[in-house]
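Residue-level structure breakdown
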Amino acid sequence: MGEKISQQKDQKTADAFAASWNNLPAGSVYTRDQFEDWLSPITGNDVFGKDVLELGCGNGSLMIHMTTWNPARLVGVDLGDSVESAKKNLSLTGFPNWGVLKADLISYESDGFDMAYSIGVIHHLKDPKAGFESLIRNTKSGGRFHAWVYAYEGNDFVRLFVDPIRKVTSHMPWWFTKYIVATPLAVPFFLYAKILNFFTNLTVLKKMPLYEYSLWIARREFSFFRHVAFDQLVTPQTKYISRATIEKWLAGSPYIDQNSTYIIMRNGNSWKFGGRKK
């Protein structure tokens, strides 16, 4: 497989996330249900026997689940040192045909994959559109692409109250952000989500901030709440992407089959989108 790697303007963000990924236990931080939810409408039938690429693979948490869909080949690309954790995690799966590369996903070039996806990464790039374009570029003709990003819609609370904190904590040592800032801040959100989940019969609560997202995350343990809080606070760069922006990206690409595209709201505060390359 041919590849091209250039110098990286997102290195600081990659290093910040590597600090997060490399301080997690072995294995996937995500459940099977979370994996399938993020990838939907892509299913195992779309992956079986195909060459698959993940742009921004972190510690391989999603790739671990992807191996169970039995692709012919699975490759992950990440700019950070989290690739070392990804290699260790993938080696434990028993899946034979995988690869993990340390590279800038924006400039990464390959011979193309039958399916390329990027989950929770594009919105952390200095140039999100360039990340989207790389996703398309590394998809074969006739292949599928899929992405998930933070939405501008539904994230008013995060943008107004969490993002200003991030602009400070992203300059702090990772351990300070995780244990001194993210851990205590995760406590009220943990309680908030659990309370909303307990009172789902009260329709008046559906107007509360991050309602759908809170019901989704309420199924998880406190350590996952802290993981999410840390991810929000450690990164130097976060952009919240509107549906209109995604529509513009998709419609503006001459390489995409416009009849194949989709944009799906997820949990009231993020977008899944994708399609097929001509």
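We now turn to the structure provided with this report. Computed from a predicted structure; not experimentally measured. (Residues numbered from 1 in each chain as written. Predicted model: local features only at pLDDT ≥ 70, side-chain atom pairs only at ≥ 80, totals over all residues. Heavy atoms only, no water.)

Moving on to the side chain of K178. Among the structural elements, K178 can be located in helix 8 (residues 174-198). D231 is the oppositely charged side chain nearest to the buried, salt-bridge-free K178, at an N-O distance of 8.4 Å. Setting aside chain neighbours within four positions, we find K178 in contact with N23, T183, R226 and F230. (Helix = DSSP H or I, 4+ residues; strand = E, 2+ residues; numbered from the N terminus. Buried < 20%, exposed > 50% of the residue type's maximum accessible area, 1.4 Å probe, protein only. Lys, Arg positive; Asp, Glu negative; His and termini not counted. Salt bridge = Lys/Arg side-chain N within 4 Å of Asp/Glu carboxyl O. Contact = heavy atoms within 4.5 Å.)

All chains considered together, the criterion is met by 13 salt bridges. Across the salt bridge formed by D46 and R144, the nearest N and O atoms sit 3.1 Å from each other. One end of the pair, D46, is in helix 3 (residues 44-47); the other, R144, is in strand 5 (residues 139-150), with 98 residues separating them in the sequence. A residue is classified by how much of its surface remains accessible, and R144, at 17% relative accessible area, is buried. Measuring nitrogen to oxygen at the nearest pair gives 3.8 Å for the salt bridge that ties K87 to E84. Taken together, the residues span about one helical turn, with K87 and E84 both in helix 5 (residues 82-91) at a distance of 3 residues. Classification of K87 as partly exposed rests on a relative accessible area of 32%. One network of salt bridges, in which partners are shared, links D51, R73, D114 and K140.

This next bit is on the sheet that holds strand 3 (residues 98-102). Here 7 strands make up an open sheet; going across it, the order is 3-2-1-4-5-7-6 and the pairing mixed. Both outer strands of the open sheet, strand 3 and strand 6 (256-266), are each paired with one neighbouring strand and no more. Mean inter-strand twist for the sheet, computed between neighbouring axes without regard to direction, equals 15°. In this fold helix 11 (residues 243-252) packs onto strand 5, strand 6 and strand 7 (270-277), with an angle of close to 165° to the strand it touches most, strand 6. (Pairing = 2+ DSSP bridges. Axes fitted to C-alpha atoms, helices over the stretch in contact; angles between N-to-C directions.)

Moving on: unusual backbone geometry. Here S40 and P41 are connected by a cis peptide whose omega angle stands at 15°. Among the secondary structure elements, P41 is positioned in the loop between helix 2 (32-39) and helix 3. Backbone geometry at N70 places phi at a positive 55°, although glycine is not the residue there. For N70, a relative accessible area of 41% translates into the label partly exposed.

Another point: the pairing of strand 1 (residues 51-55). Of all 5 residues in strand 1, 5 are buried, a share of seventy percent or more. Of the two faces of strand 1, the one carrying D51, L53 and L55 and the one carrying V52 and E54 are both buried. Across 5 bridges, the pairing between strand 1 and strand 2 (residues 73-78) is parallel. For L55, the partnering residue across the bridge sits in strand 2 and is V77. Each parallel crossover has a hand, and the one from strand 1 via helix 4 (residues 61-66) to strand 2 is right-handed. Pairing geometry for strand 1 and strand 4 (residues 113-119), over 3 bridges, is parallel. Paired with V52 across the bridge in strand 4 is M115. (Right-handed = clockwise from strand over helix to strand, strands pointing away.)

With that settled, consider a positive patch on the surface. A surface patch of positive charge is lined by K9, K12, K126 and K239. Positionally, K239 belongs in the loop between helix 10 (222-234) and helix 11. (Patch = residues over 30% accessible without salt bridge, like charges linked within 9 Å, V, L, I, M, F, W, Y side chains within 5 Å. Areas by Shrake-Rupley, 256 points an atom, 1.4 Å probe, with all protein chains shown as cover. Charge placed at Lys NZ, Arg CZ, Asp CG, Glu CD.)

Here we come to the nonpolar core. Formed by 46 residues in total, the largest nonpolar core has its most connected members in W38, L39, M66, M115, Y117 and I217. Looking at this core, the element that brings in the most residues is helix 10, giving 7 residues. What I217 contacts, discounting residues up to four positions off in sequence, is F189, A193, F224, F225 and V228. (Core = buried A, V, L, I, M, F, W, Y, C linked by side-chain atoms within 4.5 Å.)

Attention shifts here to the environment of S170. By the secondary structure assignment, S170 is in the loop between helix 7 (156-169) and helix 8. By relative accessible area, S170 is classed as buried at 11%. Sequence spacing of S170 and K87 is 83 residues, and the spatial spacing of their C-alpha atoms is 26 Å. Among all residues touching S170, those that are not within four sequence positions of it are L233, V234, T235 and P236.

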